[in-house]
Amino acid sequence: MKKQRSSAAVNSSLIRRPIQRMFPIFLLPTFLAFCIGFLWPFLHGIYLSFCKFTITSNAKWIGFDNYVKAFQDPGFLHAFWYTALVAVTSLVIINLGAFAVAYALTRGIKGSNVFRGVFFMPNLIGGIVLGYIWSTIFDGFLAKYGTSIVLDSRLGYWGLMIMLSWQQIGYMMIIYIAGLQSVSEDMLEAAQIDGANGWHTLWHITIPTVMPSITICTFLSLTNGFKLFDQNLVLTGGQPFTFQADGTVIRTTEMLALNIYNTFYLNSKSRGVGQAKAVLFFILVAAIALIQLRATKSKEVQQ
Amino acid sequence: MKKQKLGKNLLSLLFVIICIIYMMPIVVVGYNSFKENGSINTDTFALPNEQTFMGWQNYVNGMTVGDYPFLNSVWYSFVITILSAALILICTSMAAWYISRVDDIFSRIVYYLCVFSMIVPFQMVMFTLAKTANVTGLNTPYTIPVIYLGFGAGLAVFMFVGFVKGMPLAIEEAAAIDGCGPLRTFFSMVFPMLKPIFISVGVLEIMWVWNDYLLPYLVLDRTMYRTIPIHIQYLQGSYGHVDLGAVMALIMMSIVPIVIFYLTCQKYIVSGVMAGAVKG
């Protein structure tokens, strides 16, 4: 960093100034698009979360009411806990599965490359198409038992788990394989000579070395779980619904992103609440990202 | 030694079986796309037989199923993906070079805003973004790439800046001494050196835009413009009233381009995914 700074100073007239004059060509297009596609909608969204509105032009400032309503909404709280459950369970299943597959596929067995390709491919299929494929499969299977994925929330939950594992194991596997390939042969050989068995080697040499990959993958699957939308929408769409005594509807398999979407678009009167929920959702996702940043930083110091 | 070899072969065999099971969902949809409509619901896992085999008829029906021409959504998906990826790659690579070479207060602010935008979930901006796109006329397949550039700039700028920072200044200095202006320096010196990161960012953006559902769904006029995911979601919504065989055919037709893309650029896709994963 220091070196970069000094060389930049030396070359300021040579490189820096001429580029700076080209500001309208180099930086301005991206910056304008960034303002339209992110910055303005973001700030406007924060403002609207304190307003009552159905369209942006009739917004009226009402303070924290929307946030209070969001916290009082049982459907939102249910969606939060359901999302946390899905995110944590899928994190465990996906990472164990991906690590096991990656470990087996770095043993130098025949056909490893083909197997990797097969595991990775579902990852390229988008959430909507993926959801349709799996709802066809699940319903074809469950029809024999006279039920369906949208009739039982437990089926919806485990169906989502199977689908998420199928989609993401290949992706995490790629990251784990890269980590496992950095485990030095010398160390493994030394351990073998010292009489360590397979489990000892795995536990004391392999896992500590791939720790950075483990951090990346756990956080990646956690964020994926929290932000999940497409698959949730297509597979169950929140069904089955239960009706509370006071008339509120709880969509039992609805996750946070879908709950926010429904608050916006099922009833245009609750858009302010929807925007407040979206801000809370953003804070939650940002908090996870910050924890990840700290976890990665502290790992780097150790090494 | 012999025992070890036997173990490895057994492991290979085990993985052959797992991989076959892993591919089953696609295989099932694949052979169902040749089956007659009624038997897909009642007997999903049965192979097509003489009574239920339809040949390519489902694929013909799939072209118009759901009262929307499938080829239109293929066209829109292609246009949006190609234009967005091209726009993002060119604009953000130029921006990233500017940011890391000029390095003044303004470019630092832009950089940190870009990094910040990466952690903002789409639901946070979806309502206001759709509204902004409507007002600015960025709500057609030919203008929506600007929205993708804006919302997707974060990751691309972040990855490009990380790469440019590691590039030697000497070449650019030499070019500047020889009287080469910034534009020419960028396009004839810097651009070729960016190739590896260019491919990584390109792969990530293509995969994102091609599969994206909610952004185009909210921004585009749905009666006129449907991308493939939007079209398929419409068909899912009308479950039971729709020709299931035709939908199966349609799903196969939307998977095939992805498989071809994957098989031709497998190496780049994997490296792109790796580069994107590290950003978290």
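As the structure is a prediction and not an experimental result, all values here were calculated from the model.

Draft legend 1. Structural context of the overall build of chain B. The number of helices and strands found in chain B is 14 helices and zero strands. Reading chain B from its N end, one meets helices and strands in the order α-α-α-α-α-α-α-α-α-α-α-α-α-α. Relative to a compact globule of 280 residues, whose C-alpha radius of gyration would be 19 Å, chain B shows 24 Å and is clearly more extended. Taken along the three principal axes of its C-alpha coordinates, chain B extends 75 × 70 × 35 Å. Classification of the 280 residues of chain B by burial places 44% in the buried group.

Draft legend 2. Highlighting the overall build of chain A. Assigned secondary structure in chain A consists of 15 helices and four strands. On C-alpha atoms alone, chain A measures out to a radius of gyration of 25 Å, which is more than a quarter above the 19 Å that the 2.2 N^0.38 rule sets for 303 residues. Overall size of chain A, expressed as C-alpha extent along the three principal axes, is 75 × 70 × 30 Å. For chain A, the residues scored as buried account for 41% of the 303 residues in total.

Draft legend 3. Looking closely at the interface of chain A and chain B. On the chain B side, the residues contacting the 76 residues of chain A number 73 residues. Considering every element that reaches the side of chain A that touches chain B, the biggest residue donor is helix α4 (residues 28-48) of chain A, with 15 residues. In terms of residue class, the side of chain A that touches chain B is built from 53 nonpolar, 17 polar and six charged.

Draft legend 4. Fine view of the environment of B:Phe127. The topology assignment puts B:Phe127 in helix α6 (residues 122-136). Residue class for B:Phe127 comes out buried when judged on the 25 C-beta atoms lying within 10 Å of it. On a C-alpha basis, the gap between B:Phe127 and B:Leu215 in space is 10.0 Å, while along the polypeptide they are 88 residues apart. Ignoring sequence-local partners within four residues, the contact set of B:Phe127 consists of A:Gly45, A:Phe264, A:Arg271 and A:Gln275.

Draft legend 5. Region of the structure containing the packing of α4(A) against helix α7 (residues 144-164) of chain B. Here α4(A) crosses α7(B) at 90°, and the two axes come no closer than 7 Å. One way to sum up the angle between α4(A) and α7(B) is to call them roughly perpendicular. From α4(A), A:Thr30, A:Ala33, A:Phe34, A:Ile36, A:Gly37 and A:Phe38 reach across to α7(B), where they touch B:Val146, B:Ile147, B:Leu149, B:Gly150, B:Phe151 and B:Ala153. For the contact of α4(A) with α7(B), the residue count by class is nine nonpolar, three polar and no charged.

Draft legend 6. Focus on the nonpolar core. Formed by 153 residues in total, the largest nonpolar core has its most connected members in A:Ala98, A:Met173, A:Tyr176 and B:Ile251. Per-domain counts for this core show at least three residues from each of domain 1 (1-35) and domain 2 (68-302) of chain A. With residues near it in sequence (within four places) discarded, A:Tyr176 still touches A:Ala98, A:Phe99, A:Ala102, A:Val210, A:Ser213 and A:Cys217.

Draft legend 7. Region of the structure containing the confidence of the model for chain B. Mean pLDDT over chain B: 86, with 97% of residues reaching 70 or higher. Across the interfaces of the predicted complex, the ipTM metric reaches 0.87, alongside a pTM of 0.88.

Draft legend 8. Local environment of helix α10 (residues 195-211) of chain B. Residues and elements named next belong to chain B. Counted at 1.5 Å a residue, the expected span for α10 with its 17 residues is 24 Å, and the 24 Å between its end C-alpha atoms agrees. Burial runs high along α10: 12 of the 17 residues are buried. Among all positions of α10, only Ile197, Ser200, Val201, Val203, Leu204, Glu205, Ile206, Met207, Trp208, Val209, Trp210 and Asn211 are buried.

Draft legend 9. Region of interest: the domain arrangement of chain A. In terms of domain boundaries, chain A breaks down into domain 1 (1-35) and domain 2 (68-302). Taken over C-alpha atoms, the centre of domain 1 of chain A sits 40 Å from the centre of domain 2 of chain A.

Draft legend 10. Here's a closer look at the packing of helix α4 (residues 70-102) of chain B against helix α5 (residues 105-117) of chain B. All names here are of chain B. Their axes nearest at 9 Å, the elements α4 and α5 cross at an angle of 130°. Taken together, the axis directions place α4 and α5 in an arrangement best described as oblique. In this structure, α4 meets α5 at a crossing whose hand is left-handed. Across from Tyr98, Ile99 and Val102 in α4, the residues of α5 making contact are Ser107, Val110 and Tyr111.

Draft legend 11. Focus on unusual backbone geometry. Residues A:Gln239 and A:Pro240 are joined by a peptide bond in cis, for which omega reads -5°. Position of A:Pro240 among the secondary structure elements: in the loop between α13 (230-235) and β3 (241-243). For B:Asp103, which is not glycine, the phi torsion reads 55° and is therefore positive. Among the secondary structure elements, B:Asp103 is positioned in the loop between α4 and α5. B:Asp103 sits in the partly exposed class, given 17 other C-beta atoms within 10 Å.

Draft legend 12. Quick peek at the environment of B:Leu214. As for its placement among the helices and strands, B:Leu214 is situated in helix α11 (residues 214-219). By C-beta crowding, B:Leu214 is classed as buried, having 21 other C-beta atoms within 10 Å.

Draft legend 13. Here's a closer look at the confidence of the model for chain A. For chain A, the average pLDDT comes to 85, and 94% of its residues sit at 70 or higher. Ignoring residues within four places in sequence, the model shows residues 1-10 of chain A, a span with pLDDT below 50, making four contacts including any to other chains.

Reading the values: the criteria
- Residues numbered from 1 in each chain as written.
- Chains lettered and ligands numbered in written order.
- Predicted model: local features only at pLDDT ≥ 70, side-chain atom pairs only at ≥ 80, totals over all residues.
- Helix = DSSP H or I, 4+ residues; strand = E, 2+ residues; numbered from the N terminus.
- Rg over C-alpha atoms; globule rule 2.2 N^0.38 Å.
- Buried ≥ 20, exposed ≤ 12 C-beta atoms within 10 Å, placed from the backbone.
- Contact = placed C-beta atoms within 7 Å.
- Nonpolar A, V, L, I, M, F, W, Y, C, P; charged D, E, K, R; others polar.
- Axes fitted to C-alpha atoms, helices over the stretch in contact; angles between N-to-C directions.
- Parallel < 35°, antiparallel > 145°, perpendicular 65-115°, else oblique.
- Core = buried A, V, L, I, M, F, W, Y, C linked by C-beta atoms within 7 Å.
- Domains from an automatic or database assignment.
- pLDDT = per-residue confidence, 0-100.
- Expected span 1.5 Å × (residues − 1).
- Left-handed = near helix turned anticlockwise from the far one by under 90°.

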